Amino acid sequence: MSTKVQKIFEKRRRISKKDALEVLKDNFQELFVAYNNGLEHYNVVIQELRPEVRVRIDSGILNACIAQSFMEHFPDKWTLGKYGRIIFRWEGISMLIKKLNKNSKPSYIPTMLSDAITTQQQVSLFDCEEAKEDAILLFGYTKNSHGELLNPRIVYYDNEVKWIADLDDVVTKPVAQPLEETEKPAVRLRQENVNKKAE
């Protein structure tokens, strides 16, 4: 008779969308720029392969191109985790790049480590105990039936989608440039109208 032993792990630190956006505020838009740069690189690389070859390695090349772009944009934020997994880290956050289905659930082959990621268990992603309590965020994208990559987003997943952040979550404000002393305002009253009203 065999008994299946199941380890019980503590949960990782939870993170609200507001707190995550606060931690990532200086890098949030740059994450999406890195993603788009990765897609551009992927489109160049994939064109050099025969269509028959692309079928089995397409997703691996895509993930590698996006990860490389993230590494170039955030050279001090990445580290190599267990099994060669590339992890990007900010204060209290570990981020992975994943393909997501239309419901924002990660696409993966179930393993103990991948299950621990999707349930926010305190399994070390590294060969040491580093960052075991960090909340795990997924920077993900969805591929539609036509092969188009859509909806890049950050997902907090803990047995289900808890929240999603995308570019719509950040409002960019134009930087106001002060007028130089020699410049005159672009809008001004026409002089003839001012004189008629004065009469």
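Residues numbered from 1 in each chain as written. Predicted model: local features only at pLDDT ≥ 70, side-chain atom pairs only at ≥ 80, totals over all residues. Heavy atoms only, no water.

## Looking at the overall build of the chain
For clarity, the cut-off: What counts as a helix is a DSSP run of H or I of at least four residues, what counts as a strand is a run of E of at least two, and both are numbered from the N terminus. Residue exposure (1.4 Å probe, protein chains only): buried if accessible area is under 20% of the type maximum, exposed if over 50%, otherwise partly exposed. By definition, residues are in contact when any of their heavy atoms lie within 4.5 Å. Working definition of accessibility: Shrake-Rupley area with a 1.4 Å probe, residue cover restricted to the visible protein chains.
Tallying secondary structure elements over the chain gives 5 helices and 6 strands in all. Secondary structure of the chain in N-to-C order comes out as α-α-α-β-β-β-α-β-β-β-α. When the 199 residues of the chain are sorted by exposure, 34% land in the buried category. Nonlocal contacts in the chain, meaning residues at least 24 apart in sequence, comprise 61% of its contacts between residues at least 6 apart. In the structure as shown, the chain presents an accessible area of about 13,700 Å², 51% of it carried by carbon and sulfur atoms.

## Some details on the sheet that holds strand β5 (residues 149-157)
Test applied: Pairing between two strands requires that DSSP report at least two bridges joining them. Note on geometry: axes are lines fitted to C-alpha atoms, helical ones only across the stretch in contact, with angles between N-to-C directions running from 0 to 180 degrees.
Here we have 6 strands laid out as an open sheet, ordered β1-β2-β3-β4-β5-β6, and mixed in their pairing. Looking at strand neighbours, the two that pair on one side only are β1 (78-80) and β6 (161-165), the edges of this open sheet. Each adjacent strand pair in this sheet contributes to an overall mean axis angle of 35°, direction not counted. Where strand β2 (residues 86-90) and strand β3 (residues 93-99) come together, 3 bridges link them in antiparallel fashion. Among the inter-strand pairings, Phe88 is bridged to a residue of β3, identified as Met95. Of the strands in this sheet, β2, β3, β4 (135-143), β5 and β6 touch helix α2 (residues 28-47), which is tilted by about 135° from β5.

## Regarding the nonpolar core
Short version of the rule: Take the buried residues of types Ala, Val, Leu, Ile, Met, Phe, Trp, Tyr and Cys, join any two whose side-chain atoms come within 4.5 Å, and each joined set is a nonpolar core.
By size, the foremost hydrophobic cluster in this structure holds 31 residues, and its most contacted members are Leu24, Leu31, Phe70, Met95, Leu137 and Ile154. Taken together, the elements giving at least two residues each to this core come down to α1 (17-24), α2, α3 (51-73), β2, β3, β4, β5 and β6. A total of 8 residues in this core trace back to one element, the largest contributor, which is α2. In terms of nonpolar packing, the next biggest core, distinct from the first, is built from 7 residues, Ile87, Leu100, Leu138 and Tyr157 among them.

## A closer look at the confidence of the model for the chain
The line we're drawing: Note on scores: pLDDT gives the predictor's confidence for each residue, bounded by 0 and 100.
Looking at the chain, pLDDT values average 78 and 68% of them are 70 or higher. Across the chain, the element-wise mean pLDDT spans from 51 in helix α5 (residues 191-198) up to 93 in α2. Under a pLDDT of 50 for its full length, residues 173-177 has, in the predicted model, 0 contacts with residues more than four places off or in other chains. Per-residue pLDDT stays below 50 along residues 184-189; that stretch engages in 2 contacts with residues further than four places along the chain or on separate chains.

## Quick look at the packing of aromatic side chains
We apply this condition: Ring geometry is summarised as follows: Phe, Tyr and Trp rings, the Trp one being its six-membered ring, pair when their centres sit within 6.5 Å, and such pairs are stacked at plane angles under 30 degrees, edge-to-face over 60 and tilted between the two.
Per the stated rule, a full pass over the model turns up 9 aromatic pairs. Each ring, one from Tyr35 and one from Phe139, has its centre 5.6 Å from the other, and the planes form 45°; the classification is tilted. You can see Tyr35 sitting in helix α2 and its partner Phe139 sitting in strand β4, a full 104 residues away along the chain. One aromatic cluster is present, formed by Phe28, Phe32, Tyr35, Phe70, Phe74, Phe88, Trp90, Phe139 and Tyr141 through successive ring pairs.

## So, α3
Heads up, the rule is: The angle separating two fitted axes, one through the seven residues that finish at a residue and one through the seven that start at it, defines the bend at that residue.
By the largest-angle criterion, Ile57 marks the main kink of α3, which is about 70°. Here α3 has its buried residues at Asp58, Ile61, Leu62, Cys65, Ile66, Ala67, Ser69 and Phe70. Elements that come into contact with the buried residues of α3 comprise α2, β2, β3, β4 and β5.

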